[in-house]
Amino acid sequence: MKKYKVIVIGAGPSGLFSCLELAKAGIGPILLIEQGKDIYERTDRSGKDLLCGWGGAGAFSDGKLTLSPDVGGFLGEIIPRKEVKHLLQQADDIFLSFGAPAKTYSPPGEVLENLAIQAKLAQMEFIYSPIRHLGTENCLRVLTNIREYLQDKIDIRTETKVDQIVVESGQAKGVRLPSGEVLRGEYVIAAPGRVGASWMKKEAARLGLTATPNPVDLGVRVEVPAAVMQKLTDVVYEAKLIYYSQTFDDRIRTFCMNPYGEVVSEAVDGLISVNGHSYAEKRSENTNFALLVSSRFTEPFDDPIGYGRAIVSLANLLGSGVIVQRLGDLLAGRRTTEKRLSRCITRPTLPEATPGDLSFVFPYRHLKNIMEMLEALERIVPGVYSRHTLLYGVEVKFYSHRIRLNNELESEAKNFFITGDGSGITRGLIQASVSGMVAARAIIKRHKGQPRKNSDLIS
Ligand SMILES: Cc1cc2nc3c(=O)[nH]c(=O)nc-3n(C[C@H](O)[C@H](O)[C@H](O)COP(=O)(O)OP(=O)(O)OC[C@H]3O[C@@H](n4cnc5c(N)ncnc54)[C@H](O)[C@@H]3O)c2cc1C
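The rules we used
Residues numbered from 1 in each chain as written. Predicted model: local features only at pLDDT ≥ 70, side-chain atom pairs only at ≥ 80, totals over all residues. Helix = DSSP H or I, 4+ residues; strand = E, 2+ residues; numbered from the N terminus. Buried ≥ 20, exposed ≤ 12 C-beta atoms within 10 Å, placed from the backbone. Domains from an automatic or database assignment. Contact = placed C-beta atoms within 7 Å. Pairing = 2+ DSSP bridges. Axes fitted to C-alpha atoms, helices over the stretch in contact; angles between N-to-C directions. Expected span 1.5 Å × (residues − 1). Arc of directions from axis to C-beta. Near = placed C-beta within 6 Å. Nonpolar A, V, L, I, M, F, W, Y, C, P; charged D, E, K, R; others polar. Parallel < 35°, antiparallel > 145°, perpendicular 65-115°, else oblique. Left-handed = near helix turned anticlockwise from the far one by under 90°.

### With respect to the overall build of the protein chain
On a plain count of helices and strands, the protein chain comes out with twelve helices and 22 strands. On the principal axes, the C-alpha backbone points of the protein chain span a range of 65 × 45 × 40 Å. Across the 459 residues in the protein chain, those meeting the buried criterion constitute 51%.

Here is the structure:
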């Protein structure tokens, strides 16, 4: 039986960047296992196919690379910030070498200062990060180029799910497939993404690895005519704004802004939630972004994922999927109907969303937080708190359980690394990619006989 040097689980950005680093260093043989389809067969953008397959959730994503250690993950808590910045730069260069567009959004200092002042006056914090926007069509091109580069350098098994990580005497030895077949590997890197987070959590529990819940972020996707947001999006593309609500002192933030983009539905583990993306060339007449409330809970409750799932299922129960409501209807205490929606000047880019009433879905706390932030936003971008603003629910970010890892992203089981969004350490394309590079480089170092870092386990 062939024994692999490294087995990588998941062909999302994180797994792919591990493979690129390992292949570049001449480490092998490498096996990449992916439960979804190969890039050439990824044509279906619904259900699990949106998130699974070559490129992972990144394939049909908006492809915004946020080039800052403060956005898209917690790598800066494990690895010195300066090092993360350097790694982000290297990952960005790799994206460029595989065909990412050269343009970044990095406006002059005085423009940023002015935005920060306006945000402060509206009781918000503005966080700036330079952005490279690939657009969904370029994501597919970059991922296809990576596929072709890796073609003859690694073994690839798509439409193959890993069932278990094989660990013997506290050390990874390979993976087991649902058929019972065991594939042997000296090192295992698991990069299962958010779609594989519940599997990862179960595996961590079975292997006795320490995992703690991350907070769940719940909220709505807001859609407005693009002209309303232009003042921000033309300058910074995506404005990251944070607001602490007056009533609950909760943290609410804007997330994933898609100028001229589309709202999409996303199916994970039997639930339908809402998301958004935009293309580099194709344009809709609207801009969408999420408003997310971070929920931390009081003891003894420790199942934020379960809580998030319950709220999404409520929307699915009432609306058979995603619910859309005009802000004006929500404020007037009435549901949106097909007829009312047809009179809305913001034309929905997710026409299959069911017109309904989000006040039946969200707890008072969440709804109040969202309304307060929209009102505050109105002071920066007039027109956002309009009766014609569309709210889609539910948007949820589960962020996986955070598994105990050292600064090389190795778990408490030796030679078993966990990277990307499925580890609970990252939340976006570029930090996921960097995490894959970090694990691969640790393996390369050991392969070359260099001493291991003094890797204190951190939670
Ligand atoms: C619609 C949408 C838009 C987005 N837009 C952006 C954006 O603009 N900017 C940004 O930074 N981020 C964006 N994201 C998030 C981004 O896509 C993710 O952060 C990123 O893809 C995470 O990379 P990953 O490699 O950790 O996981 P993923 O990309 O989720 O890949 C994990 C892969 O592992 C596979 N897998 C899981 N379990 C197993 C198993 N047991 N066996 C075999 N294979 C398995 C899955 O099928 C999947 O293909 C977006 C996400 C979506 C859904």
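### Observations regarding the domain arrangement of the protein chain
What the domain assignment lists for the protein chain is domain 1 (4–107 + 130–212 + 400–447) and domain 2 (216–397). Placing the centre of domain 1 and that of domain 2 at their C-alpha centroids yields a distance of 29 Å. Opposite the 22 residues of domain 1 that make contact, domain 2 presents 17 residues. Taken together, the elements giving at least two residues each to the side of domain 1 that touches domain 2 come down to strand E6 (131–133) and helix H5 (136–150). In terms of residue count, the dominant contributor to the side of domain 1 that touches domain 2 is H5 (three residues).

### Concerning the sheet that holds strand E14 (residues 251–258)
As summarised here, the arrangement of the eight strands in space is E5-E13-E14-E17-E12-E20-E18-E19, forming an open sheet in which the pairing is mixed. What marks the edges here is a single partner per strand, and that holds for strand E5 (124–127) and strand E19 (354–355). One ladder, built from four bridges, connects E5 with strand E13 (residues 240–244); its direction is antiparallel. Paired with Ile 127 across the two strands is Lys 240, which belongs to E13. Across the face of the sheet, helix H4 (residues 109–121) comes into contact with E5 and E13 while running at roughly 155 degrees to E5.

### Notes on helix H3 (residues 81–97)
Over its 17 residues, H3 extends 24 Å from the first C-alpha to the last, a length consistent with the 24 Å expected when each residue adds 1.5 Å. Among all positions of H3, only Val 84, Leu 87, Leu 88, Ala 91 and Phe 95 are buried. Down the axis of H3, the buried side of the element spans an arc of 110 degrees, and every buried residue falls inside it. Away from its buried face by more than 90 degrees, H3 exposes Lys 82, Gln 89 and Asp 93. Looking one or two places after H3, you find Gly 99, whose phi comes out positive at around 110 degrees.

### With respect to the pairing of strand E18 (residues 323–326)
Neither face of E18 is left uncovered, since the one carrying Ile 323 and Gln 325 and the one carrying Val 324 and Arg 326 both have all their residues buried. The sheet contact formed by E18 and E19 spans two bridges and is parallel. Bridge pairing in E19 places Ile 323 opposite Thr 354.

### What about H5?
Taking 1.5 Å as the rise per residue, H5 with 15 residues should run 21 Å; its terminal C-alpha atoms sit 21 Å apart, in good agreement. Every buried residue of H5 is accounted for by Thr 136, Asn 138, Cys 139, Val 142, Leu 143, Ile 146 and Leu 150. On an axial view of H5, the arc spanned by its buried residues comes to 155 degrees, and they lie on one face. Considering only its buried residues, H5 is in contact with helix H1 (13–24), H3 and strand E16 (271–277).

### Examining the pairing of strand E9 (residues 171–176)
In the sheet, strand E8 (residues 164–168) pairs with E9 via five bridges, with the strands oriented antiparallel. The partner of Glu 168 across the bridge, within E9, is Gln 171. One ladder, built from three bridges, connects E9 with strand E10 (residues 182–190); its direction is antiparallel. Bridging from a neighbouring strand, Arg 176 pairs with Val 182 of E10. Counted between consecutive antiparallel strands, the loop separating E9 from E10 contains five residues, among which Gly 180 sits at a positive phi close to 100 degrees.

### Side note on the site of the ligand
Lining the immediate surroundings of the ligand are 45 residues, of which Gly 10, Gly 12, Gly 56, Gly 193 and Gly 420 lie closest. If you list the elements that add at least two residues to the shell around the ligand, you get H1, strand E3 (64–66), strand E15 (262–268), E16 and helix H12 (429–447). Its residues assigned to classes, the shell around the ligand shows 17 nonpolar, 20 polar and eight charged.

### Notes on the sheet that holds strand E4 (residues 104–105)
Across the sheet, three strands lie side by side as E3-E6-E4; this open sheet has antiparallel pairing. On the outer flanks of this sheet lie E3 and E4, each paired with one strand and no other. The sheet contact formed by E4 and E6 spans two bridges and is antiparallel. Each bridged residue has a counterpart across the sheet, and for Thr 104 the counterpart in E6 is Arg 132.

### Re the packing of H3 against H12
Contact geometry of H3 with H12 gives a least axis separation of 9 Å together with a crossing angle of 100 degrees. Relative to H12, the element H3 lies roughly perpendicular. Here H3 contributes Val 84, Leu 87, Leu 88, Ala 91 and Asp 92 to the contact with H12, which in turn contributes Ile 430, Ser 433, Val 434 and Met 437. Tallied by class, residues from the contact of H3 with H12 come to seven nonpolar, one polar and one charged.

### Quick notes on the packing of H1 against H12
Running from amino to carboxyl end, H1 crosses H12 at an angle of 35 degrees, the nearest separation of the two axes being 7 Å. For H1 against H12, the interelement crossing comes out right-handed. Facing Pro 13, Ser 14, Gly 15, Leu 16, Phe 17, Ser 18, Glu 21 and Leu 22 of H1, the residues of H12 in contact are Leu 429, Ala 432, Ser 433, Ser 435, Gly 436, Met 437, Ala 439, Ala 440, Arg 441, Ile 443 and Ile 444. Looking at the contact of H1 with H12, its residues break down into eleven nonpolar, six polar and two charged.

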